[in-house]
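Chains, contacts and geometry: an overview
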Amino acid sequence: MSTPDATAPVTPAPEAAAEAHPRFADALRELGLDVEIRRFPEATRTAAEAAAAIGCDLSAIVKSLIFEADGAPVLVLMDGSSRVDVELVRRELGAGKVKRAGADLVRETTGYAIGGVPPFGHRTKTRVLADRGLLDHDVVWAAAGTPHTVFPLDPKTLIGHAGGTVVDVREQTK
């Protein structure tokens, strides 16, 4: 399955921009980004649901995952077909302990619920690690602040606006 072409800037219709979470729509405006926001009637809470709705490869979906590293939140951007290796994240951060954050910390840190967390436009500034595998795509798709909305962007631009450091934190299959 090929990824739909979203490399050309798209000026969203006013109703499309209104589909994004208000905080995320504000972040797009502040960054000067014009992206197409797609809304789906069924939730795209999981990477598999999003890929099926968009019609793209699972690996072209960006998962925005919050972890806790020694008590501090950190955002990990990972492709939809891969899992995060928590030990690699721990080593990358030089942390003593890393674990997945609970729903309350995710909302407190980002301002969004799990399943709708975008890669940027968060309530608080956090450290961001972006897995190198995202760069394998011309276009990736990420949540636009709700479980029903997504947007396309080239991965370098997405990682740059997220303030991400490109790292290798993907769990290796045996």
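The following paragraphs examine the structure supplied in this document. (Residues numbered from 1 in each chain as written. Predicted model: local features only at pLDDT ≥ 70, side-chain atom pairs only at ≥ 80, totals over all residues. Heavy atoms only, no water.)

Along its length, the chain carries 6 helices and 8 strands. In sequence order, the chain lays out its α and β elements as α-α-β-α-β-β-α-β-α-β-β-β-α-β. When contacts within the chain are restricted to residue pairs at least 6 apart in sequence, long-range pairs at least 24 apart make up 63% of them. Summing over all exposed atoms, the chain offers an accessible surface of approximately 8,700 Å²; the carbon and sulfur share of this is 49%. (Helix = DSSP H or I, 4+ residues; strand = E, 2+ residues; numbered from the N terminus. Contact = heavy atoms within 4.5 Å. Areas by Shrake-Rupley, 256 points an atom, 1.4 Å probe, with all protein chains shown as cover.)

The next subject is the side chain of Thr110. Within the secondary structure, Thr110 is located in helix 5 (residues 103-110). At a separation of 3.0 Å, a polar atom in the side chain of Thr110 contacts the main-chain amide nitrogen of Tyr112. Look past the residues within four positions of Thr110 in its chain and what remains in contact with it is Arg23, Ile66, Val117, Gly121, His122 and Arg123. (Polar contact = N/O pair within 3.5 Å; in protein donor to acceptor, adjacent residues only side chain to side chain.)

Now for the nonpolar core. Note on soluble globular proteins: their nonpolar side chains tend to be buried together. Core analysis: the largest hydrophobic core is formed by 28 residues, its most contacted members being Phe24, Ile37, Leu77, Phe120, Phe151 and Leu158. For this core, the elements supplying multiple residues, two or more each, are helix 2 (22-31), strand 2 (62-69), strand 3 (72-79), helix 5, strand 5 (127-131), strand 6 (140-143), strand 7 (149-153) and helix 6 (155-162). Phe120 has contacts with Phe24, Leu28, Leu31, Leu33, Tyr112, Phe151, Leu158, His161 and Ala162, leaving out every residue within four places of it along the chain. (Core = buried A, V, L, I, M, F, W, Y, C linked by side-chain atoms within 4.5 Å. Buried < 20%, exposed > 50% of the residue type's maximum accessible area, 1.4 Å probe, protein only.)

Here the phi dihedral of Asp70 falls at roughly 50°; this positive angle occurs in a residue that is not glycine. Topologically, Asp70 is positioned in the loop between strand 2 and strand 3.

Now for the sheet that holds strand 1 (residues 38-39). The sheet built from 3 strands is open, its strands ordered 1-7-6 with antiparallel pairing. The two strands at the open ends of the sheet, each matched to only one other strand, are strand 1 and strand 6. Looking at chain direction, strand 6 and strand 7 are connected through 4 bridges and run antiparallel. Bridging from a neighbouring strand, Ala142 pairs with Phe151 of strand 7. (Pairing = 2+ DSSP bridges.)

Turning our attention to the pattern of salt bridges. Tallied over the full model, the rule gives 8 salt bridges. A salt bridge links Arg29 to Asp26, with the nearest nitrogen and oxygen atoms 2.5 Å apart. Of this pair, Arg29 and Asp26 both sit in helix 2, 3 residues apart, which is roughly one turn of the helix. For Asp26, a relative accessible area of 35% puts it in the partly exposed group. For Glu87, the salt bridge identified is with Arg90, shortest N-O distance 2.7 Å. Of this pair, Glu87 and Arg90 both sit in helix 4 (residues 86-93), 3 residues apart, roughly one helical turn. In this structure, a network of salt bridges that share partners links the residues Asp79, Asp131 and Arg170. (Salt bridge = Lys/Arg side-chain N within 4 Å of Asp/Glu carboxyl O.)

Our next topic: the packing of aromatic side chains. Taken as a whole and judged by the stated rule, the model has 3 aromatic pairs. Clustering of aromatic rings is evident, with ring pairs tying together Phe24, Phe120 and Phe151. Its end group placed over the ring of Tyr112, Arg23 keeps NZ or CZ at 5.6 Å from the ring centre. (Phe/Tyr/Trp six-rings, centres within 6.5 Å; stacked < 30°, edge-to-face > 60°. Lys NZ or Arg CZ within 6 Å of the ring centre and 35° of its normal.)

Right, let's talk about the layout of surface pockets for a bit. Over the atoms a probe the size of a water molecule is rolled, and this reveals where empty space is left. Reported here for the largest pocket is a volume of approximately 520 Å³. Lining the largest pocket are 30 residues, with Arg45, Lys63, Ser64, Leu65 and Arg100 sitting closest to its centre. Secondary-structure elements contributing two or more residues to the lining of the largest pocket are helix 3 (47-54), strand 2, strand 6 and strand 7. Here the element with the most residues in the lining of the largest pocket is strand 2; it accounts for 6 residues. Grouping the constituent residues of the lining of the largest pocket by class yields 18 nonpolar, 8 polar and 4 charged. Computed from the structure, the second largest pocket encloses a volume of approximately 250 Å³. Contributing to the lining of the second largest pocket are 16 residues, with Phe120, Gly121, His122, Thr124 and His161 lying nearest its centre. Of all the elements in the fold, those that place two or more residues in the lining of the second largest pocket are helix 2 and helix 6. With 5 residues, helix 2 is the single largest residue contributor to the lining of the second largest pocket. A per-class count over the lining of the second largest pocket returns 7 nonpolar, 5 polar and 4 charged. (1 Å grid on protein atoms, 1.4 Å probe; cavity = no way out; pocket = protein on both sides within 12 Å on 5 of 7 lines; lining within 4 Å. Points joined across faces, edges and corners; volume = space filled by probe spheres on them. Nonpolar A, V, L, I, M, F, W, Y, C, P; charged D, E, K, R; others polar.)

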